[in-house]
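Coordinates in review
Spelled out from the first residue to the last, the chains are:
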Amino acid sequence: MKHLLIASVAGFWCLVVTAAPTAAPVRAEIEALLNQLQVSGCQFNRNGSWYSGSEAKQHLLRKLEYIEGRGTIQSTEQFIELAASKSSFSGRAYLVKCAGQAPVASQVWLIQQLAVVRGVILPVSLNVISSYVSSQKIKVTFSHAFLGGSLAV
């Protein structure tokens, strides 16, 4: 019983130590990214239902707050991977559908929008990225190295 109490206190202490707010520059970039989603006019699919960009923003902000309660988000890319790519409930990928375009994985759409927020021009279209990601069944990571001209997949 004593060991269980010690382990519980140690676990709680680790949670308290690692749970911290996201750094202001990262949080600002995430909010800018979610503002892009809100004003895009695109729809966001979560667990089979379509939502407005505004509703999606609110949902993803709640997920961000939940994750921040358990640890710090180190980058916008980490936020996209942990909170904005798939449902933590069902595991189903989120989708984004914009007027006149086929739905794409939210991770792909958000990566493109992150490039816009950062002022980076992607060398390939969203459709090319989406097709490649789908065909290869891979996880895309968008890193600061991209600023030098490469996309890590």
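It should be noted that the structure appears before, not after, this text.
The structure reproduced in this document is the subject of the present report.

What counts as what
- Residues numbered from 1 in each chain as written.
- Predicted model: local features only at pLDDT ≥ 70, side-chain atom pairs only at ≥ 80, totals over all residues.
- Heavy atoms only, no water.
- Helix = DSSP H or I, 4+ residues; strand = E, 2+ residues; numbered from the N terminus.
- Contact = heavy atoms within 4.5 Å.
- Areas by Shrake-Rupley, 256 points an atom, 1.4 Å probe, with all protein chains shown as cover.
- Phe/Tyr/Trp six-rings, centres within 6.5 Å; stacked < 30°, edge-to-face > 60°.
- Buried < 20%, exposed > 50% of the residue type's maximum accessible area, 1.4 Å probe, protein only.
- Arc of directions from axis to C-beta.
- Salt bridge = Lys/Arg side-chain N within 4 Å of Asp/Glu carboxyl O.
- Pairing = 2+ DSSP bridges.
- Axes fitted to C-alpha atoms, helices over the stretch in contact; angles between N-to-C directions.

Across its full length, the chain carries six helices and four strands. Counting from the amino terminus, helix and strand elements in the chain follow one another as α-α-β-β-α-α-β-β-α-α. By sequence separation, contacts in the chain at least 24 residues apart represent 57% of the contacts at least 6 residues apart. Surface summary for the chain: the accessible area is close to 8,800 Å², and the carbon and sulfur share equals 60%.

Here we come to the packing of aromatic side chains. Per the stated rule, a full pass over the model turns up one aromatic pair. Residues Phe44 and Tyr94 carry aromatic rings whose centres are separated by 4.9 Å and whose planes lie at 50° to one another, so their mutual orientation is tilted. Of this pair, Phe44 sits in strand E1 (residues 43-46) while Tyr94 sits in the loop between helix H4 (76-83) and strand E3 (95-97); the two residues are 50 residues apart in sequence, bridging distant segments of the chain. Assessed through its relative accessible area of 1%, Phe44 is described here as buried. Taking the relative accessible area as the measure of exposure, Tyr94 reaches 1% and is therefore buried.

It is worth spelling out H4 at this point. The complete set of buried residues in H4 reads Thr76, Glu77, Phe79, Ile80 and Ala83. End-on, the buried residues of H4 take up no more than an arc of 165°, which puts them together on one face. Each element contacted by the buried residues of H4 is listed here: helix H2 (24-39), helix H3 (53-68) and helix H5 (106-118).

Further remarks concern the pattern of salt bridges. Per the stated rule, a full pass over the model turns up four salt bridges. In the salt-bridge network here, residues are joined through shared partners; they are Arg27, Glu31 and Glu68.

This next bit is on the sheet that holds strand E2 (residues 49-52). Within the open sheet, the four strands sit side by side as E2-E1-E3-E4. Their pairing is antiparallel. Edge positions in the sheet fall to E2 and strand E4 (104-105), since each of these pairs with one other strand and no more. Of the pairings in the sheet, the one linking E3 to E4 comprises two bridges and is antiparallel in character. Bridge assignment links Val96 to a residue of E4, and that residue is Val104. With respect to the sheet, H3 is in contact with E1 and E2, its orientation differing from that of E2 by roughly 95°.

The residue Asn47 is not glycine, and still its phi comes out positive at about 55°. With respect to the helices, strands and loops of the structure, Asn47 is situated in the loop between E1 and E2. Judged by relative accessible area, which is 29%, Asn47 ranks as partly exposed.

This paragraph deals with the pairing of E1. As paired elements, E1 and E2 share four bridges and run antiparallel to each other. Paired with Arg46 across the two strands is Ser49, which belongs to E2. Of the pairings in the sheet, the one linking E1 to E3 comprises three bridges and is antiparallel in character. The partner of Gln43 across the bridge, within E3, is Lys97.

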